[in-house]
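# Structural overview
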There are 2 protein chains.
Amino acid sequence: MTQFATENHGDLIASDRVEGTVVYNRQGEKLGKIANFMVDKRSGQVRYATLSFGGFMGIGNDYYPLPWSMLNYDTEQGGYVVELDKQVLDAAPRYAGEDRPDYDDGYGRNVYQYYGLAYPW
Amino acid sequence: MTQFATENHGDLIASDRVEGTVVYNRQGEKLGKIANFMVDKRSGQVRYATLSFGGFMGIGNDYYPLPWSMLNYDTEQGGYVVELDKQVLDAAPRYAGEDRPDYDDGYGRNVYQYYGLAYPW
């Protein structure tokens, strides 16, 4: 499976290449890592990537659903760069690992609205 | 991270829940497992899920890109069920782990066409 770790072909990226990728903000501060991302089963449309940080060795982490469109891969930094101040993240929608949300439309609208984006579904 | 392994909320599914899931055909034959899946970086649209089988302990596996829309999750079987005879898979587009395709539009059209589906991009 290691051959997939660097899989990153033109317009497409492999799912397991996204997971674990570091996320920075525009100031170069490390915000956390992408834990995983949520896909609409029927349409195959990615709705959120989940940024995780805090805690220790994955225990006690908080998870922040981010609209997929916020992620931009930066080859120089080797990670995603998002337009996001740490203060904005401080008040952002989040959940603890054991307390996952239902990801229904109300939740989705709230997440997109928080980041100033239209909820497209 | 184990809390994500069973994450499967209504219309959405977690990326790491898809990876490793067993794939059966309508006859209940096990075809293989989903190794990973390919996402359009810009739009967040999933293009292919990669079915892997053959080989031993992941070495020498072949990889078969399947249009995402072919996958239907069956809660009873605990895996994806696809409308796919083993004979059809025998002649399907595939690649060895070390010989990945470019996943360009020509490749994509060929994959979708093989399974009798319109290439929507």
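In this text, all values refer to a predicted model and were calculated from it rather than measured experimentally.

## Observations regarding the packing of aromatic side chains
Within this structure, the stated rule accounts for 25 aromatic pairs over all chains. With a centroid separation of 5.1 Å and an interplanar angle of 90 degrees, the aromatic rings of B:Tyr114 and B:Tyr115 are classed as edge-to-face. For B:Tyr114, a relative accessible area of 31% corresponds to the partly exposed category. Residue class for B:Tyr115 comes out buried when judged on its relative accessible area of 13%. Both rings, one in B:Tyr119 and one in B:Trp121, keep their centres 5.5 Å apart while their planes meet at 85 degrees; by these two values the pair is edge-to-face. Since its relative accessible area comes to 35%, B:Trp121 is described here as partly exposed. Of the aromatic side chains, those joined through ring pairs into one cluster are A:Tyr48, A:Tyr63, A:Tyr95, A:Tyr103, A:Tyr107, A:Tyr112, A:Tyr119 and A:Trp121.

## A word on the pattern of salt bridges
All names here are of chain B. Applying the stated criterion to the full structure yields six salt bridges over all chains. Close ionic contact of Arg-47 with Asp-40 constitutes a salt bridge, the shortest N to O distance being 2.7 Å. Across this residue pair, the class does not change: Arg-47 and Asp-40 are buried. Here Asp-62 ties to Arg-94 by a salt bridge, and the two come within 3.9 Å at their closest N and O atoms.

## Here we look at a negative patch on the surface
Together, A:Asp11, B:Asp102, B:Asp104 and B:Asp105 make up a region of like negative charge exposed at the surface. Structurally, the position occupied by B:Asp104 is in the loop between β9 (95-96) and α3 (105-114).

## So, the confidence of the model for chain A
All names here are of chain A. Mean pLDDT over chain A works out to 86, with 88% of the residues at or above the 70 mark. A low-confidence stretch, residues 1-7 (pLDDT under 50), is modelled with 23 contacts involving residues beyond four sequence positions or located in other chains. Across the whole predicted complex the pTM is 0.84, and at the interface the ipTM reaches 0.84.

## Description of the side chain of B:Arg17
Residue and element names in this part refer to chain B. Mapped onto the secondary structure, Arg-17 falls in helix α1 (residues 15-18). One buried charge, Arg-17, has no salt-bridge partner; the nearest side chain with opposite charge is Asp-16, at 8.1 Å. Side chain to side chain, Arg-17 and Tyr-73 meet in a polar contact 2.7 Å long.

## Some words on the interface of chain A and chain B
Contact with chain A, which involves 37 residues of that partner, is made by 36 residues of chain B. Of the roughly 3400 Å² buried between chain A and chain B, counting both surfaces, carbon and sulfur atoms make up 52%. The interface formed by chain A and chain B contains zero salt bridges. Here chain A and chain B share 20 residue pairs in polar contact (both at pLDDT 80 or more) between them. Of the residues forming the side of chain A that touches chain B, the biggest block, six residues, is contributed by strand β4 (residues 30-40) of chain A. Of the residues contributing to the side of chain A that touches chain B, the split by class is 16 nonpolar, 11 polar and 10 charged.

## Points about the pairing of β4(A)
The buried fraction of β4(A) is high, at nine of 11 residues. Bridge count between strand β3 (residues 22-25) of chain A and β4(A): three bridges; the pairing is antiparallel. Of the residues in β4(A), the one forming a bridge with A:Val23 is A:Gly32. A loop of four residues connects β3(A) with β4(A), the two strands running antiparallel in sequence, and A:Gly28 in this loop sits at a positive phi of about 80 degrees. In the sheet, β4(A) pairs with strand β5 (residues 46-53) of chain A via six bridges, with the strands oriented antiparallel. Directly across from A:Phe37, in β5(A), lies its bridge partner A:Ala49. The antiparallel hairpin formed by β4(A) and β5(A) contains five residues in its connecting segment, where A:Gly44 sits at a positive phi of about 75 degrees. As judged from the three bridges shared by β4(A) and strand β2 (residues 12-14) of chain B, these two strands associate in the antiparallel manner. In the sheet register, A:Val39 faces β2(B), and the bridge partner there is B:Ile13.

Conventions adopted
Residues numbered from 1 in each chain as written. Chains lettered and ligands numbered in written order. Predicted model: local features only at pLDDT ≥ 70, side-chain atom pairs only at ≥ 80, totals over all residues. Heavy atoms only, no water. Phe/Tyr/Trp six-rings, centres within 6.5 Å; stacked < 30°, edge-to-face > 60°. Buried < 20%, exposed > 50% of the residue type's maximum accessible area, 1.4 Å probe, protein only. Salt bridge = Lys/Arg side-chain N within 4 Å of Asp/Glu carboxyl O. Patch = residues over 30% accessible without salt bridge, like charges linked within 9 Å, V, L, I, M, F, W, Y side chains within 5 Å. Areas by Shrake-Rupley, 256 points an atom, 1.4 Å probe, with all protein chains shown as cover. Lys, Arg positive; Asp, Glu negative; His and termini not counted. Charge placed at Lys NZ, Arg CZ, Asp CG, Glu CD. Helix = DSSP H or I, 4+ residues; strand = E, 2+ residues; numbered from the N terminus. pLDDT = per-residue confidence, 0-100. Contact = heavy atoms within 4.5 Å. Polar contact = N/O pair within 3.5 Å; in protein donor to acceptor, adjacent residues only side chain to side chain. Buried area = accessible area lost by both parts, 1.4 Å probe. Nonpolar A, V, L, I, M, F, W, Y, C, P; charged D, E, K, R; others polar. Pairing = 2+ DSSP bridges.

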